[in-house]
Amino acid sequence: LAELGRSLDIFRMKTSATLLPTGEFDLHTPSPSDAKFMPPTIAVKGLPCIAVVFAQLYMDGEFRGP
């Protein structure tokens, strides 16, 4: 959820998510201080790990906000 250099400041985050024509997202983190992190968690055997990524959204080349 958070970026190393900004914590949970969603208005200054640098990570972007661009919606592709296929419906998938292209995630981009421009520098190491923009890397996402979350507190360590203990995986439960047999269950997949799930992540939530906050990012600036771009659709059809237009900025849509955090």
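Residues numbered from 1 in each chain as written. Predicted model: local features only at pLDDT ≥ 70, side-chain atom pairs only at ≥ 80, totals over all residues. Heavy atoms only, no water.

### What to know about the side chain of Asp34
Next, step 1: Relative to the elements of secondary structure, Asp34 occurs in the loop between β3 (25–28) and β4 (36–37).
Next, step 2: Asp34 sits in the buried class, given a relative accessible area of 3%.
Next, step 3: Among residues more than four places away in sequence, those in contact with Asp34 are Glu3, Arg6, Lys14, Thr15 and Thr29. (Helix = DSSP H or I, 4+ residues; strand = E, 2+ residues; numbered from the N terminus. Buried < 20%, exposed > 50% of the residue type's maximum accessible area, 1.4 Å probe, protein only. Contact = heavy atoms within 4.5 Å.)

### A short note on unusual backbone geometry
Of all residues except glycine, most have a negative phi; of all peptide bonds, most are trans.
Next, step 1: Its identity as a non-glycine residue notwithstanding, Asp60 has a phi of 55°, on the positive side.
Next, step 2: Tracing the sequence through the fold places Asp60 in the loop between β5 (56–59) and β6 (62–65).

### Some remarks on the pattern of salt bridges
Next, step 1: Enumeration according to the criterion identifies two salt bridges in this entry.
Next, step 2: For the salt bridge of Glu62 with Arg64, the shortest nitrogen-to-oxygen distance reads 3.6 Å.
Next, step 3: Looking at Arg64, the relative accessible area reads 44%, which means it is partly exposed. (Salt bridge = Lys/Arg side-chain N within 4 Å of Asp/Glu carboxyl O.)

### Focus on the pairing of β6
Next, step 1: By the bridge criterion, three bridges tie β5 to β6 in an arrangement that is antiparallel. By the bridge assignment for β6, Leu57 is matched with Gly65.
Next, step 2: Between β5 and β6, which pair antiparallel one after the other, the connecting turn spans two residues, and Asp60 there sits at a positive phi close to 55°. (Pairing = 2+ DSSP bridges.)

### Details of the sheet that holds β3
Next, step 1: Spatially, four strands are ordered β3-β2-β5-β6 in an open sheet, and the strand pairing comes out mixed. Each edge of the sheet is formed by a strand with only one pairing partner; in this case those strands are β3 and β6. Averaged over all pairs of adjacent strands, the angle between strand axes in this sheet comes to 25°, irrespective of strand direction.
Next, step 2: Both strand β2 (residues 16–19) and β3 contribute to a ladder of four bridges, which runs antiparallel. Bridging from a neighbouring strand, Ala17 pairs with Leu27 of β3. (Axes fitted to C-alpha atoms, helices over the stretch in contact; angles between N-to-C directions.)

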